[in-house]
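Coordinate inspection notes
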Amino acid sequence: MKYNHELIVPDEGLPFKMFIFEGKDGNYKRETHWHRSVEIFAVCDGELCFYIKEKPYPLVQGEFMIVNSNEVHSVHSPKPNQTIVLQIPIRLFENYFTDSHRLKSPFRVCWTVAE
C-alpha cells in the first residue's frame, strides 16, 4: 500500500514547525501519511485519535503523542479540540544517535534564532 509523503518545512527562523492542529474544529481526518520529522501532538483541550500502523491511540486533554520519523500514521478528529503540533526534522537529532540508531540520553538540542 502506498502512503503520502508529507514534506515538513520549518517555520522561518526556527529549526522546527509549530502550529495549532488544522483539525481543531472537528469533523477532520488526516489520511495515512509519513514524513522525515519527529512529530509531537499535545492535546490541550478535547480529544482526537492517532492511528499508527492502523492501531488506534486515543488522546484526551493533557496527553501527547510522539510519532517517530518515517512512521506511517493518520489522525482522526471527529470533535473540536485544541492541539499543538510540533514537527522536528530528524536531522536535528543526528548528533544524538547511538550505533543502534537510538537517541542517547540525556540530550539537549540547541539552535540560534535568526534575526
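1. Comments concerning unusual backbone geometry
Glycine aside, a negative phi is what most residues show, and trans is what most peptide bonds show. Unlike most non-glycine residues, asparagine 27 shows phi in positive territory, near 50°. Structurally, asparagine 27 can be placed in the loop between β2 (17-20) and β3 (28-34). The backbone phi angle of lysine 53 is positive, close to 50°, even though this residue is not glycine. Mapped onto the elements of the fold, lysine 53 is located in the loop between β4 (37-52) and β5 (55-60). Since its relative accessible area comes to 66%, lysine 53 is described here as exposed.

2. Quick notes on the nonpolar core
If you look at the biggest cluster of nonpolar residues, it comprises 11 residues: Phe21, Phe41, Val43, Leu48, Phe50, Ile52, Leu59, Met65, Val67, Val75 and Val85. For this core, the elements supplying multiple residues, two or more each, are β4 and β6 (64-67). Among the elements that take part in this core, β4 stands out by supplying five residues, more than any other. Here valine 75 is in contact with Phe21, Tyr28, Lys29, Arg30, Phe41, Leu48, Cys49 and Phe50, once residues within four sequence places are set aside. Listed in part, the five residues of the second largest apolar core include Phe16, Val38, Leu92 and Phe93.

3. Quick look at the packing of aromatic side chains
Tallying each qualifying case throughout the model produces three aromatic pairs. Aromatic side chains phenylalanine 21 and tyrosine 28 sit 5.5 Å apart centroid to centroid with 90° between the ring planes, which places their arrangement in the edge-to-face category. For phenylalanine 21, a relative accessible area of 1% gives the class buried. What makes tyrosine 28 partly exposed here is its relative accessible area of 23%. Aromatic side chains phenylalanine 21 and phenylalanine 41 sit 5.2 Å apart centroid to centroid with 70° between the ring planes, which places their arrangement in the edge-to-face category. With phenylalanine 21 in the loop between β2 and β3 and phenylalanine 41 in strand β4, this residue pair connects regions lying 20 residues apart in the sequence.

4. Here's the deal with the pairing of β5
Here six bridges tie β4 to β5, and the two strands are oriented antiparallel to one another. Across the sheet, the residue bridging to tyrosine 51 is proline 56, located in β5. Taken together, β4 and the strand that follows it, β5, pair antiparallel across an intervening segment of two residues, in which lysine 53 is found at a positive phi of about 50°.

5. Details of the pattern of salt bridges
One side chain can pair with another of opposite charge once the charged atoms of both are near each other. All told, the structure shown has four salt bridges when counted by the stated rule. In this structure, lysine 53 engages glutamate 71 in a salt bridge whose closest nitrogen and oxygen atoms are separated by 3.6 Å. Here glutamate 71 lies in the loop between β6 and β7 (73-77) and lysine 53 lies in the loop between β4 and β5, a separation of 18 residues in the sequence. Look at glutamate 71 and you get buried, because its relative accessible area is 17%.

Criteria and thresholds
Residues numbered from 1 in each chain as written. Predicted model: local features only at pLDDT ≥ 70, side-chain atom pairs only at ≥ 80, totals over all residues. Heavy atoms only, no water. Helix = DSSP H or I, 4+ residues; strand = E, 2+ residues; numbered from the N terminus. Buried < 20%, exposed > 50% of the residue type's maximum accessible area, 1.4 Å probe, protein only. Core = buried A, V, L, I, M, F, W, Y, C linked by side-chain atoms within 4.5 Å. Contact = heavy atoms within 4.5 Å. Phe/Tyr/Trp six-rings, centres within 6.5 Å; stacked < 30°, edge-to-face > 60°. Pairing = 2+ DSSP bridges. Salt bridge = Lys/Arg side-chain N within 4 Å of Asp/Glu carboxyl O.

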